[in-house]
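Here are the chains, one letter per residue:
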Amino acid sequence: MSDPLETYRRKRDFHRTPEPAGAVAEAGGARRFVVQRHRASRLHYDLRFEIDGVLVSWAVPKGPTLDPKARRLAMHVEDHPMEYLEFEGVIPSGEYGGGDVVVWDIGTWEPVRTSDPRAAVDSGELHAEVNGRKLRGRLVLVRRDAEDGGEPWMLLHKRDEHAVEGWDPEDHPRSVLTGRTNDEVLADPHHLWRSGAPAAEASVSLLPEPLPDSAIDELESLGQQGTWEVFGRRLKVTNLDKVLFPGEPPVTKRELLAYAARIAPVALPYLEGRALNMHRYPEGAGAKGFWHKERPGHAPEWLPGWDNPDADPGETRTYVVPDEPAALVWAANFGALEWHPWTSRTEAPDEPTYALVDLDPGERTSWDDLLVLARLHRTALEHLGMTARPKVTGRRGIQIWVPVVGGYSFDDTRAWVEKLSRTVGKVVPELVSWKWEVKARKGLARLDYTQNAINKTLVAPYSPRPAAGAPVSVPLTWDELDDPDLRPDRWTIRTVLDRLAERGDPFRVLLGAAQELPEIS
Ligand code: MN
């Protein structure tokens, strides 16, 4: 029998293309299928069925559909290795298939009317019952006469219980694995494939290097205090068994430091290059906290600092700048339970890099009310074509972060956010108060644009909050605003790392998305 992957190998230069050189995978379990939305020289959808340990593949320019009236051209292309099944990332331009790929749908399938689907493909007709997240029901592929090269087939969806007339795949463009669009994957690819390496080792993660478990083991082995070597720095850590957050069981300082070290590689892009305002609770979240902005004299020499040239006499002059992950661990050991980075960078302190919407619930604002306000902002920002993301605060609120290009002043971003939020507020005046005084708001929500000011800060993505159980401020995808299980304090330092492993970081796309602020009319 000839090697089913021979054509695939021939078409690729394995010294350059970051895709795996495939090995025929073991069969076993339910057959899987995948559809990848692939923007190469032209947009198409790659429909791939697992057959005998490879992915038998068609490129479908208009994409597969549930519409039983549609007849779609599907070009039969060479088999792909099983390692492609969950490939989502970027193939360098200039390479075969260069472009960006999202896993548009994935699931299992069964061949119909045959126990030998390879023979069915060879004979020119394949009937497949698919069970994916988007595609369900009976797909039929039939070979057509070739006109000028290639191997055209026709793809249709049977008129069965899953058929939906008029259904268009382009209305559902996001990845079923990460919720991201092709644009978002291109802006921030999480994975590349290493050329030449065995397929199983080919995936190169572009996500931050996680903390090795041995570092946590070392922290666990310390007594009440000691020297912890973490991220290449030697840190004196103290009072490790002190309870900092009430809860069942309570959260100790040791646990907070472990969290700070684990989250630091993820949170750092939102903190580095910025002055850090620390909300300190040395006696724990149950006692009163206070703001600490000055870099203390006893801070280790390596801890980066920044002198604010505009500091008035009596104001903080030297700030901590968490430019490396160990700095965040240092801050946690210093009793900073909350991390508030400046909205501007130290190199241009008067220029915000985000426009921030702070949805601040009043006493009478229900969680559902707040979600209404957040969704209305989502609609408005989508209408404006803006890349933005919401996050829960870990307490009661929701914030929306909108990355902006350099050159704006805080006056600019504040005025823009005010206009945006006033437009939204007009839709639901019964939920919103524009009164400055809390009492005068009568328990209604405040759409707080005034946080767009120098040295006013919102809590950092992934910062803990000083409350029982150590809740965390967590970035969301827009779709999660429709999740009935969403709560503002849903995640804690004990659960957010699992979420990250599963869902990734929805804010990463903001890092490459600085944009101009459009007119709001
Ligand atoms: Mn393709």
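Residues numbered from 1 in each chain as written. Predicted model: local features only at pLDDT ≥ 70, side-chain atom pairs only at ≥ 80, totals over all residues. Heavy atoms only, no water.

1. Considerations on the coordination of the manganese ion
(1) Moving on: In the first shell of the manganese ion, the protein supplies H38 (ND1), H44 (NE2) and D46 (OD), at 2.1 to 2.3 Å from the metal.
(2) Moving on: Taking the relative accessible area as the measure of exposure, H38 reaches 7% and is therefore buried.
(3) Moving on: Among the residues examined, H44 registers a relative accessible area of 14% and is labelled buried. (Donors = N, O, S within 2.8 Å, 3.2 Å for Na, K, Ca; no water. Buried < 20%, exposed > 50% of the residue type's maximum accessible area, 1.4 Å probe, protein only.)

2. Structural notes on the environment of H377
(1) Moving on: Relative to the elements of secondary structure, H377 occurs in helix α7 (residues 367-383).
(2) Moving on: H377 sits 89 residues away from K288 along the chain, and the two C-alpha atoms are 34 Å apart.
(3) Moving on: If we skip the residues at most four places from it in the chain, H377 touches V357, L359, I400, L420, S421, V424 and L447. (Helix = DSSP H or I, 4+ residues; strand = E, 2+ residues; numbered from the N terminus. Contact = heavy atoms within 4.5 Å.)

3. Structural notes on the pairing of strand β1 (residues 31-39)
(1) Moving on: Sheet topology places β1 next to strand β6 (residues 99-111); nine bridges connect them, and they run antiparallel. In the sheet register, V34 faces β6, and the bridge partner there is I106.
(2) Moving on: Direction of pairing for β1 relative to strand β2 (residues 43-51): antiparallel, over a ladder of seven bridges. Considered in β2, the bridge of F33 is made with F49.
(3) Moving on: From the end of β1 to the start of β2, which pair antiparallel, there are three residues. (Pairing = 2+ DSSP bridges.)

4. As for helix α4 (residues 213-221)
Since the α-helix advances by 3.6 residues per turn, residues separated by three or four positions end up pointing in the same direction.
(1) Moving on: The set of residues buried in α4 consists of A215, I216 and L219. Buried residues of α4, seen end-on, are gathered within an arc of 100 degrees and therefore sit on one face of the element. Residues D213 and S221 are exposed on α4 and point more than 90 degrees away from its buried face.
(2) Moving on: Check the buried side of α4 and you find it contacts β12 (226-230) and α5 (253-267). (Arc of directions from axis to C-beta.)

5. Examining the sheet that holds strand β22 (residues 389-392)
What links the strands of a sheet is backbone hydrogen bonding, and the strands pair in either a parallel or an antiparallel sense.
(1) Moving on: Read across the open sheet, the five strands follow the order β24-β21-β23-β22-β25; overall the sheet is antiparallel. The outermost strands of the open sheet, each flanked by one partner alone, are β24 (446-448) and β25 (474-475).
(2) Moving on: With two bridges joining them, β22 and β25 adopt antiparallel strand pairing. Counted as the bridge partner of K391 is P475 from β25.
(3) Moving on: Where α7 meets the sheet, it contacts β21 (354-360), β22, β23 (398-403) and β24, and its direction lies at approximately 15 degrees from that of β23. (Axes fitted to C-alpha atoms, helices over the stretch in contact; angles between N-to-C directions.)

6. Side note on the nonpolar core
(1) Moving on: Residues W228 and W330 are the most contacted members of the largest nonpolar core, which totals 94 residues.
(2) Moving on: Top element by residues in this core is α5. It accounts for ten residues.
(3) Moving on: Here this core spans two domains, and each of domain 2 (207-341) and domain 3 (351-521) adds at least three residues to it.
(4) Moving on: Setting aside anything within four residues of it in sequence, one finds W228 in contact with A215, E218, L219, L222, R233, R234, L235, V237, L257, A261 and V329. (Core = buried A, V, L, I, M, F, W, Y, C linked by side-chain atoms within 4.5 Å. Domains from an automatic or database assignment.)

7. Focus: the confidence of the model for the chain
(1) Moving on: Overall, the prediction assigns the chain a mean pLDDT of 91, with 90% of residues at 70 or greater.
(2) Moving on: In this model residues 13-27 is a low-confidence stretch, pLDDT under 50, and it forms 50 contacts with partners more than four residues away in sequence or in other chains. (pLDDT = per-residue confidence, 0-100.)

8. Details of the pairing of strand β4 (residues 72-81)
(1) Moving on: Within β4, seven of the ten residues are buried, which leaves it mostly tucked inside the rest of the structure.
(2) Moving on: Here five bridges tie strand β3 (residues 54-60) to β4, and the two strands are oriented antiparallel to one another. Counterpart to S57 in the pairing with β4 is V77.
(3) Moving on: For β4 and strand β9 (residues 152-157), the ladder comprises four bridges, and the chain directions are antiparallel. Directly across from L73, in β9, lies its bridge partner M154.

9. Let's talk about the side chain of E338
(1) Moving on: Mapped onto the secondary structure, E338 falls in strand β20 (residues 336-341).
(2) Moving on: A polar contact is formed between the side chain of E338 and the side chain of H279, at a distance of 2.9 Å.
(3) Moving on: At 2.7 Å, the side chain of E338 forms a polar contact with the side chain of R465.
(4) Moving on: With near-sequence residues (within four places) excluded, E338 lies in contact with N277, M278, H279, V459, S463, P464, R465 and P466. (Polar contact = N/O pair within 3.5 Å; in protein donor to acceptor, adjacent residues only side chain to side chain.)

10. What to know about the packing of α4 against α5
(1) Moving on: At a closest axis distance of 10 Å, the pairing of α4 and α5 adopts a crossing angle of 165 degrees. Comparing the axis directions of α4 and α5 gives the class roughly antiparallel. Seen along the crossing, α4 lies across α5 with a hand that is right-handed. Across the interface between the two elements, I216, L219 and E220 of α4 pack against R254, L257, A258 and R262 of α5.
(2) Moving on: For the contact of α4 with α5, the class distribution of residues is four nonpolar, no polar and three charged. (Parallel < 35°, antiparallel > 145°, perpendicular 65-115°, else oblique. Left-handed = near helix turned anticlockwise from the far one by under 90°. Nonpolar A, V, L, I, M, F, W, Y, C, P; charged D, E, K, R; others polar.)

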